[in-house]
Amino acid sequence: MPKVVALAGGVGGAKLAFGLARNLPPDELTVVVNTGDDDDFHGLHVAPDLDTVMYTLAGVVNPQTGWGRAGDTFAALKGLKEAGEETWFQLGDLDLAVHIRRTHLLREGHTLSEVTRELCERFGVRHAVVPMSDNPVRTIVHTPSEKLSFQEYFVKHRCEPEVRSLEFKGAGRATPSPYFEFAVARADALVIAPSNPFLSVDPILAIPGVAGALKGIRGIRVAISPIIGDRAVKGPAARLFDQIGGEPPSCVAVARRYVGLCTHMVIDRTDEHREEEIGRLGITPVVAQTLMNSNEDRVALGRAVLDLIASST
Ligand code: FO1
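Parameters and conventions
- Residues numbered from 1 in each chain as written.
- Predicted model: local features only at pLDDT ≥ 70, side-chain atom pairs only at ≥ 80, totals over all residues.
- Heavy atoms only, no water.
- Axes fitted to C-alpha atoms, helices over the stretch in contact; angles between N-to-C directions.
- Helix = DSSP H or I, 4+ residues; strand = E, 2+ residues; numbered from the N terminus.
- Left-handed = near helix turned anticlockwise from the far one by under 90°.
- Contact = heavy atoms within 4.5 Å.
- Nonpolar A, V, L, I, M, F, W, Y, C, P; charged D, E, K, R; others polar.
- Expected span 1.5 Å × (residues − 1).
- Buried < 20%, exposed > 50% of the residue type's maximum accessible area, 1.4 Å probe, protein only.
- Near = heavy atom within 4 Å.
- Polar contact = N/O pair within 3.5 Å; in protein donor to acceptor, adjacent residues only side chain to side chain.
- Areas by Shrake-Rupley, 256 points an atom, 1.4 Å probe, with all protein chains shown as cover.
- Salt bridge = Lys/Arg side-chain N within 4 Å of Asp/Glu carboxyl O.
- Pairing = 2+ DSSP bridges.

### Notes on the packing of helix 1 (residues 10-21) against helix 2 (residues 48-58)
Phase 1 of the analysis: Where helix 1 meets helix 2, the axes come as close as 9 Å, and the angle between the chain directions of the two elements is 35°. Viewed along their axes, helix 1 and helix 2 form a crossing whose handedness is right-handed. Counting all contacts with helix 1, which are made through Gly10, Val11, Ala14, Ala17, Phe18 and Ala21, the residues of helix 2 involved are Asp49, Thr52, Val53, Thr56 and Leu57.
Phase 2 of the analysis: For the contact of helix 1 with helix 2, the class distribution of residues is seven nonpolar, three polar and one charged.

Printed below as a string of structure tokens:
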């Protein structure tokens, strides 16, 4: 079995992680997760992408939203509102338990990697889900009129503000987490999940030394395009291509961002006619169904990615 490192962020990343995990034993998959979306809410360290991957792999994620806990209630949030806290970021009662535990362990001096490992064990997640770094990295969204935290942009303002640039505060001083480094050193292949290239993948690549280390992975380095047709499956990725990507959204535009890093790109059947353009970038296109509406879709895409990896090792 190939040892796979998968970079993931957001709901699309968690879905592919699920599909890969169903096809690989625990010690052959390390999911490296973006922490640029992390933020402090009510004095608690909330790590949305780490929790979304953990909850998805544990089978407890809210299936409607793709984040937070299935069947969660919001009594504490109601009480927080009454007590004067801002509550535009919807934290459920079960979800809050994870943020309280994470904050408690961090305050006791444990690293984010150690805390994530313990939380995953408690949720029965046996595949490695690791933060990209144990150092703080925060995505700051620069708009024409103000700087927003990631969640202010994404949730409070629903991705409506025009984005002039993104800043990954702290990335320059951050180092990859220990399990991230360990996994890259022994990896046979790299998978970049169909996550937002700007908001989920770029923060990981912004950590010094990471892009170079990933290029050193001997085998296949494959990205799954998060853009199908000229639209994002979910979230602001398409808008960000228009605003800061330098060209309209398409799987070719995604491929252009990964030139030099990826050897292959999986594109949806809808985009089959763009294979040649991607090939001309020096990236081998692979056509598959990349839209994941069910667990079967996720497992099938995970299988297709691993078949590609197996066909080249
Ligand atoms: N996304 C929303 O659109 N609205 C929310 O109120 C919200 C709350 C939330 C709470 C915990 C969590 O782990 C994720 C949450 N998200 C919410 C999603 C989150 O903003 C995004 O999943 C990531 O930050 C980017 O993919």
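There's more to say after this.
### Observations regarding helix 4 (residues 93-107)
Phase 1 of the analysis: In this model, helix 4 (15 residues) spans 21 Å end to end at C-alpha, consistent with the 21 Å of a helix rising 1.5 Å per residue.
Phase 2 of the analysis: Of all the positions in helix 4, only Asp95, Leu96, Val98, His99, Arg102, Thr103 and Leu105 are classed as buried.
Phase 3 of the analysis: Looking at the buried residues of helix 4, the elements they touch are strand 4 (44-46), helix 2, helix 3 (75-82) and helix 5 (112-122).
Phase 4 of the analysis: Following helix 4 by one or two positions, glycine 109 has its phi on the positive side, about 100°.

### Considering the site of the ligand
Phase 1 of the analysis: Inspection of the region around the ligand gives 14 residues, with Asp37, Pro48, Trp67, Gln90 and Gln151 positioned closest.
Phase 2 of the analysis: Between the ligand and the protein, one listed contact pairs an oxygen atom with a side-chain N or O atom of aspartate 37 at 3.1 Å.
Phase 3 of the analysis: One nitrogen or oxygen atom from the side chain of glutamine 151 is found 2.7 Å from an oxygen atom belonging to the ligand.
Phase 4 of the analysis: Alone, the ligand offers 530 Å² of accessible surface; in the complex the protein occludes 89% of this.
Phase 5 of the analysis: Mapped by element, the contributors of at least two residues to the shell around the ligand are helix 2 and helix 6 (150-156).
Phase 6 of the analysis: Looking at the shell around the ligand element by element, the count peaks at four residues for helix 6.

### Thoughts on the pattern of salt bridges
Phase 1 of the analysis: Applying the stated criterion across every chain yields a total of 15 salt bridges.
Phase 2 of the analysis: Residue arginine 164 is joined to glutamate 162 by a salt bridge in which the shortest nitrogen-to-oxygen separation is 3.1 Å.
Phase 3 of the analysis: Among the salt bridges present, the one from arginine 257 reaches aspartate 202, with a minimum N-O distance of 2.7 Å. Of this pair, arginine 257 sits in helix 11 (residues 251-257) while aspartate 202 sits in helix 8 (residues 197-205), and the two are 55 residues apart along the sequence.
Phase 4 of the analysis: Since its relative accessible area comes to 31%, arginine 257 is described here as partly exposed.

### Brief notes about the environment of aspartate 93
Phase 1 of the analysis: Topologically, aspartate 93 is positioned in helix 4.
Phase 2 of the analysis: Judged by relative accessible area, which is 22%, aspartate 93 ranks as partly exposed.
Phase 3 of the analysis: When the C-alpha atoms of aspartate 93 and asparagine 62 are compared, they prove to be 13 Å apart, with 31 residues separating the residues in sequence.

### Section: the pairing of strand 9 (residues 189-192)
Phase 1 of the analysis: Burial along strand 9 is two-sided: the residues Ala189 and Val191 and Leu190 and Ile192 are all buried.
Phase 2 of the analysis: Inspection of the sheet shows strand 1 (residues 4-8) paired to strand 9 by four bridges, in the parallel sense. Of the residues in strand 9, the one forming a bridge with valine 4 is alanine 189.
Phase 3 of the analysis: Bridging between strand 9 and strand 10 (residues 221-224) involves three bridges; their strand directions are parallel. In the sheet register, isoleucine 192 faces strand 10, and the bridge partner there is alanine 223.

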